[in-house]
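Chain by chain, the residues:
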Amino acid sequence: MYAALAFFVVLAYLLVTVVVPFRFVRWPEKLLGRLQGAVLDQVGQVSFHVTSAEDKQALLWIRLWGGASAALFTLFGIFDGALIRNHPQAIATVGAYAILAMVLSGILLLSGLAYTAYLPRARGFRALNRCGFQALSVVDCLNPSKPLRERLSSQVRGTARVGSIDVTGYELFGKGPGPAGGLLYDALDAVRHVPVYLLLLKPESLAPDPEGRKATVFQSLLAEMNITPSNYMRRVRVTLEAIEALNENRPDEAKIRVRYYNEIPALRAVIFEESAIVFPWQPREGNNMLPFLEVARKAEEPTLYETFRRHLVRLWAASASESGSGSGSQAVRAKSAVIKARAPQEQTS
């Protein structure tokens, strides 16, 4: 009877662990979805700050480990019956029980610590993913990492159009080809059928600074960047020359088109068809480490993608009205003061 019951338990165990996950796929998927909804989706705030409370929590875990190891050591002694006895093997037995108690209590406490550390992070990652956040990395703009370049290249290969908001475009295009060159130069040189729309801040703009500094946008920009007008113009010229070199090998419908906007820059962005990579504009070159945020276009909840895309479309349309361009298009010329180009509203919508 007992053998038959044991056989039934083994059979049921194999059925649940092997047959169900491989044969009835929808059942575990449904169960996993419910568990995920109950554990991970019930979060309204994601916090990443680190406080001194973690030090106190670490001390608490150490105390719990000490108490658990002492309790296990006591249980081993009770089950042994005579832990302290006048025998040569008594010392070895005590040492073995002590080591075993410390190891088992450590495994138990580490399992609890892993669970308590994993769950908040898993819920945080889940909440970010629901809102379209795909990646956040800190990158050295003077020496961008190879994974970032590969990520940009894969994004360019998988999109139908590229839109970008920058100031001088030097980091994206002006540095030219190579591992130490522009972030988008090699990617766009390899994928030549994708149209590109680039927005740069208009040099020598006479638009007044909206922050009331009694200066123009261009004057405020030069003051924040701490460079001369000639150095700024040199960067823009180098960028346009790099774009002109790229356009030599691109078909007319995929030419890189440039326009100029007249607003204080708030961000720098590269907008693809299904995602956007955004990073803050840092006026001084002394701080080269910048966060790169990648946001998907579609997610379970509303994302920030449409905000960045519409910001690009608005600036593109405003630059067209200021330059007096209609619906015609024109390729980039390195010595142009203002580039007229076709608006991307319909193509980026």
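Provided above is the structure to which this section pertains.
The structure displayed is predicted, hence computed values, not measured ones.

1. Looking at a nonpolar patch on the surface
Then, number 1: A cluster of nonpolar side chains, V10, Y13, L14, L15, V16, V18, V19, F22, F24 and W27, forms an exposed patch at the surface whose accessible area comes to about 1000 Å².
Then, number 2: Looking at the nonpolar patch, the element that brings in the most residues is helix 1 (residues 2–23), giving 8 residues.
Then, number 3: Structurally, V16 can be placed in helix 1.

2. A closer look at the side chain of E294
Then, number 1: Of note, E294 is situated in strand 7 (residues 289–296).
Then, number 2: For E294, a relative accessible area of 5% translates into the label buried.
Then, number 3: In terms of polar contacts, E294 uses its side chain to reach the side chain of R151, at 2.5 Å.
Then, number 4: In this structure E294 touches G132, F133, Q134, A135, R151, Q155, S275, A276 and I277, once residues within four positions along its chain are discounted.

3. Focus: helix 5 (residues 146–157)
Then, number 1: Taking 1.5 Å per residue, 12 residues should reach 16 Å; helix 5 reaches 17 Å between its end C-alpha atoms and fits that length.
Then, number 2: Residues of helix 5 that are buried include every one of L148, R149, L152, S153, Q155 and V156, and no others. Each buried residue of helix 5 sits inside an arc of 160° when the element is viewed along its axis, so together they form one side. The exposed residues of helix 5 that point more than 90 degrees off its buried face are K146, P147 and R157.

Calculation rules
Residues numbered from 1 in each chain as written. Predicted model: local features only at pLDDT ≥ 70, side-chain atom pairs only at ≥ 80, totals over all residues. Heavy atoms only, no water. Patch = residues over 30% accessible without salt bridge, like charges linked within 9 Å, V, L, I, M, F, W, Y side chains within 5 Å. Areas by Shrake-Rupley, 256 points an atom, 1.4 Å probe, with all protein chains shown as cover. Salt bridge = Lys/Arg side-chain N within 4 Å of Asp/Glu carboxyl O. Helix = DSSP H or I, 4+ residues; strand = E, 2+ residues; numbered from the N terminus. Buried < 20%, exposed > 50% of the residue type's maximum accessible area, 1.4 Å probe, protein only. Polar contact = N/O pair within 3.5 Å; in protein donor to acceptor, adjacent residues only side chain to side chain. Contact = heavy atoms within 4.5 Å. Expected span 1.5 Å × (residues − 1). Arc of directions from axis to C-beta.

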